[in-house]
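Fold and contact review
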Amino acid sequence: MTAAITSVFNDGIFAEQFERYRHDPASVDETWRQYFRIAESLFGQGAATPASAPAGGTTYDVAFLRKVAAAASLQQAIRSYGHYAVQLDPLGTPPPGAEDLSPAYWGLTEADLQAIPGEALGDVRFATAADAIARKREVYAGRIGWEVWHLEVDEERDWFQRAFRDGVLTRDLTPEEKKDTLRRLNQVDGLERFIGRAYQGYKRFSVEGTDTLIPMLDEVIRESGRSGAREIVIGMAHRGRLNVLTNVMGKPFESLFAEFEGRHDHVDGNATGDVKYHMGFVGSRDVDGKAVTLRLAPNPSHLEVVNPVVEGMVRALQRVPGRMGERDELAVVPVAIHGDAAFPGEGIVAETLNISHLNAYRTGGTIHIIVNNQVGFTTDPTDARSTHYASDLAKGFEMPVFHVNADDAQACITAVRVACAYRATFKKDVLIDLVGYRRHGHNEGDEPMYTQPTRYARIRKHPTVPQVWASRLVAEGVVTEAEAAEVEQAESQHYADIHARFKQSLLGSEQHAPWPAEPARAPKPVPTNVASEKLQYVNDALLTWPSDLTPNPRLAKQLERRRETMGEQGGIEWGHAEALAFGTLLIDGMSVRITGQDAERGTFSHRHAVLSDSENGRKYAPLANLPGAKGVFEIFNSALSETAVLAFEYGFSTVATDALTLWEAQFGDFVNVAQPIIDQFIVADRAKWGQDSSVVMLLPHGYEGQGPEHSSARLERFLQMCAEGNMTVAYCSTPAQYFHLLRRQALRTSRRPLICMQPKSLLRLPQAASKLDDLSQGGFQSVIDDPIASQHRDDVRRIVFCTGKLYYDMALAATRNPNVALVRVEELYPWPHEEIVRIMDLYPVIEQVVWAQEEPKNQGAWTYVQPRLRASAGASVGVRYVGRPERASPAEGYMDAHQAEQARIIAMVMDTGEVATERTPMQVGQ
């Protein structure tokens, strides 16, 4: 801006800019374009020619035009930087301001602005530039800080300019609306104060200081409902959550009080529960005679991780019943409520914003609200972020940002109206920065005077949000002081009355018994085999594509082999079996959604679910065009993210009960980037919140000599977290097993996540391939006996149990000991005790049982398997470990070291000499 105004007073630059403007107005800055348009309107075409132009140019008052240009620059500065002059801090910290906002900075006086006609600034509504500038200050530097001029799309900037000009969205609240807001704020404050008195010392993470969040959410519900929303999904952390649960979602106050008393409503399958400010709720609100469903997603204390979960839920809910593949982005609105320290501090926020416009993840825009306490726990903003505003990250993702003072309910509600209208119009994210304070310590038990003494000295003297609003309404003559006091007293008494009735109620008098620690029940079996005719139909359909599509010739030849492998000779590989599983599910009406960083082709070039035309790059997905399919197939290459995209798919799967939802890691090793989603949602959601998911995680795993970052999907971590039937952990060794496992996961009525260790070298290993009969008959086998040793069971002295790829390393070894049986454990959790016992009983002269694995002893399945395998083997047979020793790193980084270790493991497996064993009996358990 400084360069622009300096150039106004340099005739050479002036002439250059004008020449560029004459040839292409878009080639110069908007300030110059505005100036030249003004000059032309005032003095006619050609009038903007500078004094140094050739003879024949129109003459004019150069000094006056410079003043006009300066006034235009001032106007633009107010639009762009007026938010720096808005009083945002309720506690009185003055706004930083900006030099550009002063007329003196541009060489202007008040007299100059009075002398310039309003028309010169492009606004015929005002007689003078002074009036036009005053109006701009009122809009852009008044009660709301608008940051919208960074948006790249002209249509969006024009929309805001029209919205501010016509004033419909920014209109004042009516007297009745102001009174309703006063009552609402007193309801919010009354609940917080009552809980603080009735349950002293309990954590509640009060909303006090940002009480206007509740009437803002009310307005989101009203405006979204009027725009066609049938459902609103909210994600938020703990701050203000109890007020949202009750006063917004409709959770009974008696239920909340019962939780403070240590009494809980039983939820089926909820074995342990969670604290009250993590729980979710589903409610409803009437908007103009139409019911709008409200969902508050449950979430842990891990700040911001719920955001992509909510987006996934919304994506699933936006699907239009009966119209395959269609979504209605206006029908379901996501609302994300953030903390001011967490929004710029947690990387999951940036990941979620990054995927918001991508085809795989878009939901038509999210309404974001930062509940800005101006402190994070005990950390000041100067230590929490490198940006001026907590919201600055959002501007990099083309989001408009509105800053409001939490004490100004009018501004807060106006910001919501504009935000909802913008979202409905452009289907994009929008953010409101609600600047307030936190009246108490972080959790009401903390003493904030220890760390922010001067700030909290001001807070203790500062009136509450409803008191500030009441004073304003009294000053405006909307209510009297007595009426305001009456409203406050009535709402406070309301909670006392509810609490008194609750104390006398059955809910208040009965002590809830602890939840029983019930053993996990095995899900009911479901048939997963598919008739060979149906499999042939699906296979032929997937190998038929439009005549004008030219796939890569080499790839087309590979795919064509899939016709042959359906014959007697077999050879069905991993990607082929997966496609048949997906296709048969689609035919039967089950939808399939799979995403991952390279999901379309597959990291190891095995899937090829999307074909690219070699001549024009056009994409075609045979599964998405399967004739007769009743389900929808979606496959997307995801953004380079694990945390946000896995959370999204988890959220999608909690709602989409009619879909098989899969996420594939590029390499299984990278799944630990998404550990919070696994720990907080996938593993424990049913135990904490009674919530179910059937998401499938495909994690490439196996030791190929590729180093410590491309070997292990950390199988041990998943097994360590298995309990109460919370998930399935499987490690298939054949494509047919994978086929049946996927179909079982989709068709089961009991919905729990599936963790699937995926192969790499087995994807095309001929010995691992399957035949058509393997898919059309039988089903998933949790344990697979040795096909060779089972022919001479009386000779077997040692049974070696193993998983996955290691089986083939041992089975194909140059020296195969006939006294050794290699048995594959395909499903590790739930532990297949009965199947293992059954197979062991088939070998009458067993002397040793071995667990063999590629992973180090402190990793892989051993620590999980050891007690369970001993119990399955019985006290009379010892159990021995064969594998790598305990190590800090999961795998060797050098190929020769890897090969030496693999050879050592195989040699030990095949050696049946006397070995020391451990014989510790134990009870069988999950």
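Residues numbered from 1 in each chain as written. Predicted model: local features only at pLDDT ≥ 70, side-chain atom pairs only at ≥ 80, totals over all residues. Heavy atoms only, no water.

Things to note about the sheet that holds strand E8 (residues 430-435)
Heads up, the rule is: Should DSSP find at least two bridges between two strands, the strands are regarded as paired. Secondary structure follows DSSP: runs of H or I at least 4 residues long count as helices, runs of E at least 2 residues long count as strands, and numbering of each begins at the N terminus. Each axis is a line fitted through C-alpha atoms, and for a helix only the stretch in contact is used; angles between axes span 0 to 180 degrees, taken between their N-to-C directions.
On the basis of which strands lie adjacent, the open sheet formed by 8 strands has the order E1-E7-E8-E6-E5-E2-E4-E3 and mixed pairing. The sheet is open, and its two edges are formed by strand E1 (144-147) and strand E3 (281-287), each paired on a single side. Adjacent strand axes in the sheet meet at a mean angle of 20° when their direction is disregarded. Bridge count for strand E2 (residues 231-236) against strand E5 (residues 332-339) is 6 bridges, and the pairing is parallel. In the sheet register, Gly-235 faces E5, and the bridge partner there is Ala-336.

Observations concerning the state of the cysteines
This is how the line gets drawn: Disulfides are defined as pairs of cysteine sulfur atoms found within 2.5 Å of each other. For every residue, the accessible area obtained with a 1.4 Å probe (protein chains only) is divided by the maximum for its type, and the residue is called buried under 20%, exposed over 50%, and partly exposed between those limits.
The full count for this structure, using the stated rule, is 0 disulfides. As a non-bridged cysteine, Cys-412 has Cys-420 as the owner of its nearest cysteine sulfur, 14 Å distant. Judged by its relative accessible area of 1%, Cys-412 is buried. Of all cysteine sulfurs, the one in Cys-756 lies closest to Cys-722, which takes part in no disulfide; the gap is 13 Å. For Cys-722, a relative accessible area of 8% gives the class buried.

So, the packing of helix H8 (residues 175-198) against helix H10 (residues 241-248)
Spelled out, the test is: We call two directions roughly parallel when the angle between them is under 35 degrees, roughly antiparallel when it is over 145, roughly perpendicular when it lies between 65 and 115, and oblique otherwise. Helix crossings fall into two classes, left-handed where the near helix is turned counterclockwise from the far one by less than a right angle and right-handed where it is turned clockwise. Whether two residues are in contact is decided by their heavy atoms: any pair within 4.5 Å suffices.
Interaxial distance between H8 and H10 falls to 10 Å at its minimum, and their mutual angle equals 125°. With respect to H10, the axis of H8 lies oblique. The element H8 and its partner H10 pack so that their crossing is right-handed. Residues Arg-184, Gln-187, Val-188, Leu-191 and Glu-192 of H8 touch H10, and the partners they reach there are Leu-242, Asn-243, Thr-246, Asn-247 and Val-248.

Some remarks on helix H19 (residues 465-476)
As a reminder, the rule being used: The length a helix should cover is 1.5 Å for every residue beyond the first.
Taking 1.5 Å per residue, 12 residues should reach 16 Å; H19 reaches 17 Å between its end C-alpha atoms and fits that length. Among the structural elements, H8, helix H17 (409-426) and helix H20 (481-504) are those in contact with the buried residues of H19. Just downstream of H19 lies Gly-477, where phi reads positive at about 80°.

What about the packing of aromatic side chains?
Put simply, the rule is: Aromatic rings from Phe, Tyr and Trp, taking only the six-membered ring of Trp, are treated as a pair when their centres fall within 6.5 Å; an angle between ring planes under 30 degrees marks them as stacked, one over 60 as edge-to-face, and anything in between as tilted. In this scheme, Lys NZ or Arg CZ marks a charge over a ring once it lies within 6 Å of the ring centre and within 35 degrees of the ring normal.
Per the stated rule, a full pass over the model turns up 32 aromatic pairs. A centroid spacing of 5.4 Å and a plane angle of 25° characterise the contact between Phe-160 and Tyr-422, whose relative ring orientation is stacked. Highlighted residues: Phe-160 in helix H7 (residues 154-166) and Tyr-422 in helix H17, separated in sequence by 262 residues. Classification of Phe-160 by relative accessible area gives buried; the value is 0%. The ring of Phe-260 is capped by Lys-276, whose NZ or CZ atom sits 4.4 Å from the centre of that ring.

Description of the pattern of salt bridges
What counts is decided by this rule: Any Lys or Arg side-chain nitrogen located within 4 Å of an Asp or Glu carboxyl oxygen qualifies as a salt bridge.
All told, the structure shown has 57 salt bridges when counted by the stated rule. In this structure, Lys-428 and Glu-156 form a salt bridge, with 3.1 Å as the shortest nitrogen-oxygen distance. Of this pair, Lys-428 sits in the loop between H17 and E8 while Glu-156 sits in helix H7, placing them 272 residues apart in sequence. As far as burial versus exposure is concerned, Lys-428 and Glu-156 are alike and both buried. Between Glu-329 and Arg-327 there is a salt bridge, and its shortest N-O distance comes to 3.0 Å. For Glu-329, a relative accessible area of 8% gives the class buried.

Structural notes on the environment of Leu-580
Turning to its location among the elements, Leu-580 is positioned in helix H24 (residues 574-587). Judged by its relative accessible area of 0%, Leu-580 falls in the buried class. It is 7.5 Å that separates the C-alpha atoms of Leu-580 and Phe-739, two residues lying 159 residues apart in sequence. Ignoring sequence-local partners within four residues, the contact set of Leu-580 consists of Leu-535, Val-538, Asn-539, Met-566, Phe-739 and Leu-775.

Things to note about the nonpolar core
Our working definition: We call a set of buried Ala, Val, Leu, Ile, Met, Phe, Trp, Tyr and Cys residues a nonpolar core when their side-chain atoms join them within 4.5 Å.
Core analysis: the largest hydrophobic core is formed by 89 residues, its most contacted members being Met-697, Leu-699, Phe-718, Phe-801 and Leu-828. At 8 residues, the largest contribution of residues to this core is made by helix H25 (residues 643-655). Leu-699 has contacts with Trp-663, Ala-665, Gly-668, Val-671, Ala-713, Phe-718, Ile-755, Cys-756, Met-757 and Gln-758, leaving out every residue within four places of it along the chain. Formed by 88 residues, the second largest nonpolar core is a distinct cluster that contains Ala-163, Leu-296, Val-404 and Val-416.

Side note on helix H6 (residues 129-140)
An ideal rise of 1.5 Å per residue puts 16 Å on 12 residues; H6 measures up with 16 Å between its terminal C-alpha atoms. Three or more residues of H6 are buried, namely Ala-129, Ala-130, Ala-132, Ile-133, Arg-135, Lys-136, Val-139 and Tyr-140. Its buried side turned inward, H6 meets helix H4 (62-81), helix H5 (110-115), E1 and H7.

A word on the pairing of strand E18 (residues 798-802)
As a reminder, the rule being used: Crossovers are described as right-handed under a simple rule: with the strands pointing away from the observer, the path leading from the first strand over the helix to the second runs clockwise.
Of all 5 residues in E18, 5 are buried, a share of seventy percent or more. Residue alternation in E18 divides its side chains into two sets, Arg-798, Val-800 and Cys-802 and Ile-799 and Phe-801, and both sets are buried. Sheet analysis places E18 next to strand E19 (residues 820-825), joined by 5 bridges and oriented parallel. Residue pairing across strands places Phe-801 opposite Val-823, the latter belonging to E19. Where the polypeptide runs from E18 across helix H31 (residues 805-811) and back to E19, its parallel neighbour, the crossover connection is right-handed.

What about the confidence of the model for the chain?
Definition in use: For every residue, the pLDDT score states the predictor's confidence, bounded by 0 at the bottom and 100 at the top.
When the pLDDT values of the chain are averaged, the result is 90; 91% of them are 70 or greater. Note that residues 1-9 has pLDDT below 50 and, in this model, 20 contacts with residues that lie over four places away or in other chains.

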